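Read off the chains here:
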Amino acid sequence: YAKSFEHLNASRELGLAGSEHLSEVVFYHNAILLNRDGNFEGALRLLGGAARGKAASPKVLLAAGIAGLRERWLPDEVPEDKRALAVEMGRALTLAIDRRQAEAAPIFEKLVAENPATPHLHYAYAQFLLLGRPDRAIEEFEQELALDADHLPSLISLVSEYLRRGEIAKARPY
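S.K.: Now, about helix H7 (residues 121-129): what can you tell me, with residues and values included?
M.R.: By the criterion of burial, H7 is predominantly enclosed, with 8 of the 9 residues buried. Within H7 the residues assigned to the buried category are Leu121, His122, Tyr123, Ala124, Tyr125, Ala126, Phe128 and Leu129.

S.K.: Describe in detail the packing of H7 against helix H8 (residues 134-147), supporting the description with residues and values.
M.R.: Running from N to C, H7 and H8 point in directions that differ by 165°, and their axes come no closer than 8 Å. The angle between H7 and H8 falls in the class roughly antiparallel. Between H7 and H8 lies a crossing whose hand is left-handed. Facing H7, whose interface residues are Leu121, His122, Tyr123, Tyr125, Ala126, Gln127 and Leu129, H8 presents Pro134, Arg136, Ala137, Glu140, Phe141, Gln143, Glu144 and Leu147. Class assignment of the residues belonging to the contact of H7 with H8 gives a composition of 9 nonpolar, 3 polar and 3 charged.

S.K.: How would you summarise unusual backbone geometry if you had to cite specific residues and measurements?
M.R.: What you tend to see is this: most non-glycine residues have negative phi, and most peptide bonds are trans. Its identity is not glycine, yet Arg99 carries a phi of approximately 60°, on the positive side. Within the secondary structure, Arg99 sits in the loop between helix H5 (80-97) and helix H6 (101-114).

S.K.: Tell me about the side chain of Asn35, and please be specific about residues and values.
M.R.: By secondary structure assignment, the location of Asn35 is in helix H2 (residues 20-37). Judged by its relative accessible area of 0%, Asn35 falls in the buried class. The contact partners of Asn35, leaving out residues within four places of it in the chain, are Phe40, Ala43, Ala63, Ile66, Ala67, Glu71, Arg72 and Trp73.

Thresholds applied
Residues numbered from 1 in each chain as written. Predicted model: local features only at pLDDT ≥ 70, side-chain atom pairs only at ≥ 80, totals over all residues. Heavy atoms only, no water. Buried < 20%, exposed > 50% of the residue type's maximum accessible area, 1.4 Å probe, protein only. Helix = DSSP H or I, 4+ residues; strand = E, 2+ residues; numbered from the N terminus. Axes fitted to C-alpha atoms, helices over the stretch in contact; angles between N-to-C directions. Parallel < 35°, antiparallel > 145°, perpendicular 65-115°, else oblique. Left-handed = near helix turned anticlockwise from the far one by under 90°. Contact = heavy atoms within 4.5 Å. Nonpolar A, V, L, I, M, F, W, Y, C, P; charged D, E, K, R; others polar.

Have a look at this one:
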């Protein structure tokens, strides 16, 4: 996979002007390799860009969901019992990236209600909530930390939010 990743990055850097389909294919394959390497945010940036302004394909939804679940799976490695969860997570994330909050919110809410013990769901929902409902986001970060007290992305986000508010004393314990 290392050589594939290298070639996909090079093709992106050289540019793919004139071929929207080829750009989407390269971005998708680059994103799934980023997922595999644990660069979930990078994968989501690519997948969100590929889905911006249009309905995301099932492949993009699955790949975005894998990134949201912070799993190092390739699409064909997703356990069957996690596939629907990953697709719905991808749907919520791609809608959120496309600034379609009203459509993304109920999907996130349903995901955390039906899967309260699934790692990374509360974190993803909290990130979504930071833009408009930061108090609620803090609750979701805390839910994630209840599952994993060492969840670094939640710790960093929580401290950042408290510091943004000027609430240093609340940030200190984290």
